[in-house]
Amino acid sequence: MFKSKQVRNGLVDAVLLVAFLAEFYMSLTGIDLHQWLGIVIGLGAGYHLLAHWKWVEAVLARFFKAMPGQSRWYAMLDAALLVGLVLIIESGVILSTWLNLSLSNYAAWSAFHSAASIITLLLLVTKLVLHWRWIVRTLGAAFGIP
């Protein structure tokens, strides 16, 4: 019923979700793992984008033409998620101990990073709700559950 590619993408997405949620609890990860996990999530999101690139191209080609409204909304949600992840990663790198920048406005950067993270999480939850049936079917197929 499901192609192995769908199952692989579903499992990658599940790992990304767990990693993203773990990022919110720095008491679990500590600053070093938090920073590395952020990079891993960014790379995983890049893989996700590339794995779905044909869909992205198809939607972009039809975005301003005749297209089901649901596909247009999904595309805008995905674009907002991409922007959110980019903002999280960029602000995270600026705040990181790797660059060790002396920021006079550290509190503002930190607040921005937190706000971008929370908004992106809300967008991600919205995407999960919208795709819940597909998620359950795909993960069920991955684990042999009918």
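Look up: the structure comes first, before these words.
Residues numbered from 1 in each chain as written. Predicted model: local features only at pLDDT ≥ 70, side-chain atom pairs only at ≥ 80, totals over all residues. Heavy atoms only, no water.

(A) Focus on the environment of Ile89. Here Ile89 lies in helix 4 (residues 69-95). Excluding residues within four positions of it along the chain, Ile89 makes contact with Gly38 and Gly42. (Helix = DSSP H or I, 4+ residues; strand = E, 2+ residues; numbered from the N terminus. Contact = heavy atoms within 4.5 Å.)

(B) Region of the structure containing the packing of helix 1 (residues 4-23) against helix 6 (residues 132-142). Look at helix 1 against helix 6: their axes get within 9 Å of each other, and the N-to-C directions meet at 110°. Looking at the two axes, helix 1 sits roughly perpendicular to helix 6. The residues of helix 6 that touch helix 1, namely those facing Gln6, Val7, Gly10 and Leu11, are Trp134, Thr138, Leu139, Ala141 and Ala142. Among the residues forming the contact of helix 1 with helix 6, the class breakdown is six nonpolar, three polar and no charged. (Axes fitted to C-alpha atoms, helices over the stretch in contact; angles between N-to-C directions. Parallel < 35°, antiparallel > 145°, perpendicular 65-115°, else oblique. Nonpolar A, V, L, I, M, F, W, Y, C, P; charged D, E, K, R; others polar.)

(C) Seen up close, the side chain of Ser117. Along the polypeptide, Ser117 turns up in helix 5 (residues 106-130). A relative accessible area of 10% places Ser117 in the buried class. Contact partners of Ser117, with chain neighbours within four places excluded, come to Phe20, Phe24 and Ile88. (Buried < 20%, exposed > 50% of the residue type's maximum accessible area, 1.4 Å probe, protein only.)

(D) The pattern of salt bridges, seen in detail. Evaluated as defined, the whole model comprises one salt bridge. Between Asp78 and Lys127 there is a salt bridge whose closest N-O contact spans 2.5 Å. Of this pair, Asp78 sits in helix 4 while Lys127 sits in helix 5, and the two are 49 residues apart along the sequence. For Lys127, a relative accessible area of 18% puts it in the buried group. (Salt bridge = Lys/Arg side-chain N within 4 Å of Asp/Glu carboxyl O.)

(E) Geometry of the packing of aromatic side chains. Counting across every chain of the model gives four aromatic pairs. For the pair Trp36 and Trp98, a centre-to-centre distance of 4.9 Å together with 55° between the ring planes defines the contact as tilted. A residue pair is termed long-range when its members are at least 10 positions apart, and Trp36 in helix 2 (residues 26-51) and Trp98 in the loop between helix 4 and helix 5 qualify at 62 residues. The class for Trp36 is exposed, based on a relative accessible area of 53%. (Phe/Tyr/Trp six-rings, centres within 6.5 Å; stacked < 30°, edge-to-face > 60°.)

(F) Summary view of unusual backbone geometry. Phi is positive for Asn100, which is not a glycine, with a value near 50°. Here Asn100 shows up in the loop between helix 4 and helix 5.

(G) Quick peek at the packing of helix 3 (residues 53-62) against helix 4. Between helix 3 and helix 4, whose axes approach to 11 Å, the crossing angle comes to 115°. Crossing angle aside, the handedness with which helix 3 passes helix 4 is left-handed. Listed contacts from helix 4 to Trp55, Val59 and Arg62 of helix 3 are Ser71, Arg72, Tyr74, Ala75 and Asp78. A per-class count over the contact of helix 3 with helix 4 returns four nonpolar, one polar and three charged. (Left-handed = near helix turned anticlockwise from the far one by under 90°.)

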